[in-house]
Amino acid sequence: MRNKENKHLGLEIEPTLHSKIKYIAKYEGRSINGQILYLIRNCIRQFEAENGEIKPEDTGE
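So, how was this worked out
Residues numbered from 1 in each chain as written. Predicted model: local features only at pLDDT ≥ 70, side-chain atom pairs only at ≥ 80, totals over all residues. Heavy atoms only, no water. Salt bridge = Lys/Arg side-chain N within 4 Å of Asp/Glu carboxyl O. Buried < 20%, exposed > 50% of the residue type's maximum accessible area, 1.4 Å probe, protein only. Helix = DSSP H or I, 4+ residues; strand = E, 2+ residues; numbered from the N terminus. Polar contact = N/O pair within 3.5 Å; in protein donor to acceptor, adjacent residues only side chain to side chain. Contact = heavy atoms within 4.5 Å. Patch = residues over 30% accessible without salt bridge, like charges linked within 9 Å, V, L, I, M, F, W, Y side chains within 5 Å. Areas by Shrake-Rupley, 256 points an atom, 1.4 Å probe, with all protein chains shown as cover. Phe/Tyr/Trp six-rings, centres within 6.5 Å; stacked < 30°, edge-to-face > 60°. Lys NZ or Arg CZ within 6 Å of the ring centre and 35° of its normal. Axes fitted to C-alpha atoms, helices over the stretch in contact; angles between N-to-C directions. Parallel < 35°, antiparallel > 145°, perpendicular 65-115°, else oblique. Nonpolar A, V, L, I, M, F, W, Y, C, P; charged D, E, K, R; others polar.

1. Focus on the pattern of salt bridges
It is possible for side chains of opposite charge to pair when their charged atoms get near one another.
Line of reasoning, step 1. Counting across every chain of the model gives 1 salt bridge.
Line of reasoning, step 2. Of the charged contacts in the structure, one is a salt bridge between Arg-30 and Glu-28, with a shortest N-O distance of 3.5 Å.
Line of reasoning, step 3. On the accessibility criterion, Glu-28 (41% relative accessible area) is partly exposed.

2. Examining the side chain of Gln-35
Line of reasoning, step 1. Positionally, Gln-35 belongs in helix α2 (residues 32-51).
Line of reasoning, step 2. Overall, the relative accessible area of 3% leaves Gln-35 in the buried class.
Line of reasoning, step 3. Within the local environment of Gln-35, its side chain forms a polar contact with the side chain of Arg-30, the two groups lying 3.1 Å apart.
Line of reasoning, step 4. Setting aside residues no more than four positions away along its own chain, Gln-35 makes contact with Ile-21, Ile-24, Ala-25, Glu-28 and Arg-30.

3. Some details on the environment of Pro-56
Line of reasoning, step 1. Tracing the backbone shows Pro-56 in helix α3 (residues 56-59).
Line of reasoning, step 2. Accessibility expressed as a relative area gives 58% for Pro-56, which makes it exposed.
Line of reasoning, step 3. Between the C-alpha atoms of Pro-56 and Ser-19, which are 37 residues apart in sequence, the distance is 34 Å.

4. Some remarks on a nonpolar patch on the surface
Line of reasoning, step 1. A surface patch of nonpolar side chains, amounting to about 520 Å² of accessible area, comprises Leu-9, Leu-37, Ile-40, Ile-44, Phe-47 and Ile-54.
Line of reasoning, step 2. Inspection of the secondary structure assignment puts Ile-40 in helix α2.

5. Quick notes on the packing of aromatic side chains
What describes a pair of aromatic rings is the distance from one ring centre to the other and the angle between the planes of the rings.
Line of reasoning, step 1. Summed over all chains, the structure comprises 0 aromatic pairs.
Line of reasoning, step 2. A cation sits over an aromatic face here: Arg-30 above Tyr-38, 3.8 Å from the ring centre.

6. A look at the packing of helix α1 (residues 15-28) against α2
Line of reasoning, step 1. Contact pair α1 / α2: the axes reach a minimum separation of 9 Å and the direction vectors enclose 90°. It follows that α1 is roughly perpendicular to α2 by the angle criterion. Residues His-18, Ile-21, Lys-22, Ile-24, Ala-25 and Glu-28 of α1 form the contact with α2, whose participating residues are Ile-32, Gln-35, Ile-36 and Leu-39.
Line of reasoning, step 2. By residue class, the composition of the contact of α1 with α2 is 6 nonpolar, 2 polar and 2 charged.

This is the structure:
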């Protein structure tokens with residue numbers, strides 16, 4: 001069941017990109033959504049490792 005606290009992100013991508021991310025997700029044993037979340041978390045982890053932690057007050061939320 002969807003957590004109502006979570007934000008919804010609509011994403012428009014090219015069909016070729018969609019089929020490739022779907023392939024990778026299946027290979028990794030994830031859903032497409034799970035794969036995208038995995039990639040986003042990795043991106044944030046890498047950014048914070050290079051630039052320092054992003055604090056809630058930094059995001060303006």
